[in-house]
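Listed here are the chains, written in short residue letters.
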Amino acid sequence: MPKIPHRLYLTEDQMPTQWYNLRADMPEQPDPMLNPATGKPLTEEALYPIFCKELAHQEMDGQTRWVDIPEGILEEFRIYRPSPLIRAYNLEQTLDTPAKIYYKYEGNNTSGSHKLNSAIAQAFYAKQQGLKGLTTETGAGQWGTALSEACAFYGLDLQVFMVKCSYEQKPFRKAVMGVFDASVTASPSTTTEVGRKILAAFPESTGSLGCAISEAVETAVSSENYRYALGSVLNQVLLHQSIIGLEAKTAMDLLDEYPDIIIGCAGGGSNLGGLIAPYMRDKLTGKGNPRIVAVEPASCPSLTRGRYAYDFCDTGKVTPLAKMYTLGNGFMPAANHAGGLRYHGMSPILSKLYHDGYMEATSVKQLEIFEAATLFAKKETILPAPESAHAICQAIKEAKICRETGESKTILFGLTGTGYFDMTAYDAYRNGTMSNHVPTDDELAAGFQSLPQLEL
Ligand SMILES: *Cc1c(COP(=O)(O)O)cnc(C)c1O
């Protein structure tokens, strides 16, 4: 009997040609986005000034189960997909666990993360509609990098608002975006009304994702033939990221494996929503019952300590309202090194599934994630992004439980990206200058104060 290979790459023709829309199998739909001015559900047309038409349609479409991936997108996917499914034999041995650990690795592209999957789709549809360009925000820089690559492929302009502290701390991210001709502005900036307002109130502000989103949306709606693109949270992004889970399931099926536990880090929920998609389908349709675990930073705990409520998706309150687990749009997470997980809210789809008991959530602290990341790098040779290390950390915890109980569980986790741009963080960990931050209940209460008061 052949041993299961370390790495399983599907062939190109085994790559999915359709995305899977989880909402089609949910017994109850996530609550609709609302217009903050009227408190009424948004229509698809109301989104046209913000997103291109096809994406506005995908955002609102809870019915279509399978969505064809256009050939123009598949062409770009084939450059770096299918991504490998890897069996972590060395890690298993080190942990002396009977558990089988698999991970789906999305870091094998220049952007270094899964974000390219949705960036390509969003740029493609914008080009198809004949737009001139896109605007977006980026926190840690992965999304801005991914979208700059995608816009360069399809010949679109890109304006990126980059959270000021990252802009200053990660000059090479900016340089990569420059290679792809994106123009990058530190946020808050003086180029938008929202930015000027925030700077007037907080002149020393080093920015936040919520604030950069406000600036990018304002710029898109006030520029002709521009639209806005967001790298996570939205329904359309989860749809695009379903390719991760569909590939993973095809590969696991070929190995005759079925995960008992599926683990992913959760910032806005896109990689997790994508990874779990076909397995959540099994759960929703009664064909399987894997445990699904979202892992978030203890410093920004939207699922584990947030409220399930309508909230703005940004700090400047220019976006529609979404019903989600949120810490409040005014929540300012402490500086931590998993920048891609520092968002106040969570995907409305995942929020609903979590609320209805289909998945679990847990939080981990910064020092333990770097301990896990370092062990993983030594055993599996991949230097993980700090965001991804949240999933690694939880996978290790589950594998250690198996060691105690003697159960040989099959664990699948998402390894979303590489940590090459996070060496300051790795240095801080190794120098002993890194610390844990867990917000107090009072700090969280201040964030909840910013939740909009709705008269529904
Ligand atoms: C952005 C990012 C995340 C978190 O985003 P999700 O939308 O929650 O998936 C995780 N890992 C990496 C490497 C990222 O760049």
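Peer 1: Residue-level account of the packing of helix H4 (residues 116–128) against helix H10 (residues 235–254), with values.
Peer 2: Running from N to C, H4 and H10 cross one another at 125 degrees; their axes reach a closest spacing of 8 Å. Taken as axis vectors, H4 and H10 run oblique relative to one another. H10 is crossed by H4, and the crossing has right-handed handedness. Contacts between H4 and H10 involve Asn117, Ser118, Ala121 and Gln122 from the former and Gln236, Val237, His240, Gln241, Ile243 and Ile244 from the latter. Among the residues forming the contact of H4 with H10, the class breakdown is four nonpolar, six polar and no charged.

Peer 1: So, empty space enclosed by the protein: which residues are in play, and what are the values?
Peer 2: Overall, the coordinates contain four cavities of 30 Å³ or more when judged by the stated rule. The wall of the largest cavity is formed by 33 residues, among which Lys115, Ser232, Gly268, Gly340 and Leu341 lie closest to the centre. For the lining of the largest cavity, the elements supplying multiple residues, two or more each, are strand S6 (133–138), helix H5 (142–154), helix H9 (209–221) and helix H11 (270–284). Of the volumes computed, that of the second largest cavity is approximately 110 Å³. Looking at the second largest cavity, the residues that line it are Met33, Leu47, Ile50, Phe51, Ile213, Val217, Tyr228, Leu230, Leu234, Cys313, Thr319 and Pro320.

Peer 1: How would you summarise the layout of surface pockets if you had to cite specific residues and measurements?
Peer 2: Counted as a void, the largest pocket has a volume near 800 Å³. Elements supplying a minimum of two residues to the lining of the largest pocket: helix H6 (164–169), helix H8 (193–201), H9 and helix H16 (423–431). By volume, the second largest pocket amounts to about 270 Å³. Lining the second largest pocket are 17 residues, and of these Asp31, Pro32, Met33, Glu59 and Asn235 lie nearest its centre. Counting only elements with at least two residues in the lining of the second largest pocket, the list comes to helix H1 (53–60) and strand S13 (321–326).

Peer 1: Report on the packing of aromatic side chains, specifying residues and quantitative values.
Peer 2: Under the counting rule described, the total for this entry stands at 14 aromatic pairs. With 5.4 Å between their ring centres and 25 degrees between their planes, Tyr103 and Phe413 make a pair best called stacked. Linking Tyr103 in strand S5 (residues 100–105) with Phe413 in strand S15 (residues 410–415), this pair joins segments that are 310 residues apart in sequence. Each of the two residues, Tyr103 as well as Phe413, counts as buried.

Peer 1: Lay out unusual backbone geometry in plain terms, naming residues and giving numbers.
Peer 2: Most peptide bonds adopt trans geometry, and most residues besides glycine take a negative phi value. Looking along the chain, the bond that leaves Arg81 and enters Pro82 is cis, with omega of -10 degrees. Summarising the element assignment, Pro82 is placed in the loop between helix H2 (71–80) and strand S4 (85–87). Following Ser187, the chain continues into Pro188 via a peptide bond in cis, with omega recorded as 5 degrees. Positive phi is not limited to glycine here, since Asp96 has a value of about 55 degrees. As for its position among the elements, Asp96 is in the loop between helix H3 (89–95) and S5. Phi angles above zero are rare outside glycine, and Asp181 is one such case at about 70 degrees.

Peer 1: Explain the site of the ligand to me, and be specific about the residues and the numbers.
Peer 2: Taken together, 18 residues lie near the ligand, and Lys115, Ser232, Gly267, Ser270 and Thr416 sit nearest. A distance of 2.9 Å separates an oxygen atom of the ligand from a polar backbone atom of Gly269. Burial of the ligand by the protein chains amounts to 99% of its free accessible area of 380 Å². With respect to the detected pockets, the ligand is housed in the largest cavity. Residue composition of the shell around the ligand, by class: four nonpolar, twelve polar and two charged.

Peer 1: Could you give an account of the pairing of strand S11 (residues 291–297), naming the residues involved and the relevant values?
Peer 2: With six of its seven residues buried, S11 lies for the most part within the structure. Relative to S11, strand S10 (residues 261–265) runs parallel, the two being bridged by five bridges. Residue pairing for S11: Cys265 is matched across the bridge by Val295. Tracing the backbone out of S10, into H11 and back to the parallel element S11 gives a crossover that is right-handed. Relative to strand S14 (residues 360–364), S11 runs parallel, the two being bridged by five bridges. Looking across to S14, one finds that Val295 is bridged to Thr362.

Reading the values: the criteria
Residues numbered from 1 in each chain as written. Predicted model: local features only at pLDDT ≥ 70, side-chain atom pairs only at ≥ 80, totals over all residues. Heavy atoms only, no water. Axes fitted to C-alpha atoms, helices over the stretch in contact; angles between N-to-C directions. Helix = DSSP H or I, 4+ residues; strand = E, 2+ residues; numbered from the N terminus. Parallel < 35°, antiparallel > 145°, perpendicular 65-115°, else oblique. Left-handed = near helix turned anticlockwise from the far one by under 90°. Contact = heavy atoms within 4.5 Å. Nonpolar A, V, L, I, M, F, W, Y, C, P; charged D, E, K, R; others polar. 1 Å grid on protein atoms, 1.4 Å probe; cavity = no way out; pocket = protein on both sides within 12 Å on 5 of 7 lines; lining within 4 Å. Points joined across faces, edges and corners; volume = space filled by probe spheres on them. Phe/Tyr/Trp six-rings, centres within 6.5 Å; stacked < 30°, edge-to-face > 60°. Buried < 20%, exposed > 50% of the residue type's maximum accessible area, 1.4 Å probe, protein only. Near = heavy atom within 4 Å. Polar contact = N/O pair within 3.5 Å; in protein donor to acceptor, adjacent residues only side chain to side chain. Areas by Shrake-Rupley, 256 points an atom, 1.4 Å probe, with all protein chains shown as cover. Sits in = over half its atoms within 2 Å of the grid points. Pairing = 2+ DSSP bridges. Right-handed = clockwise from strand over helix to strand, strands pointing away.

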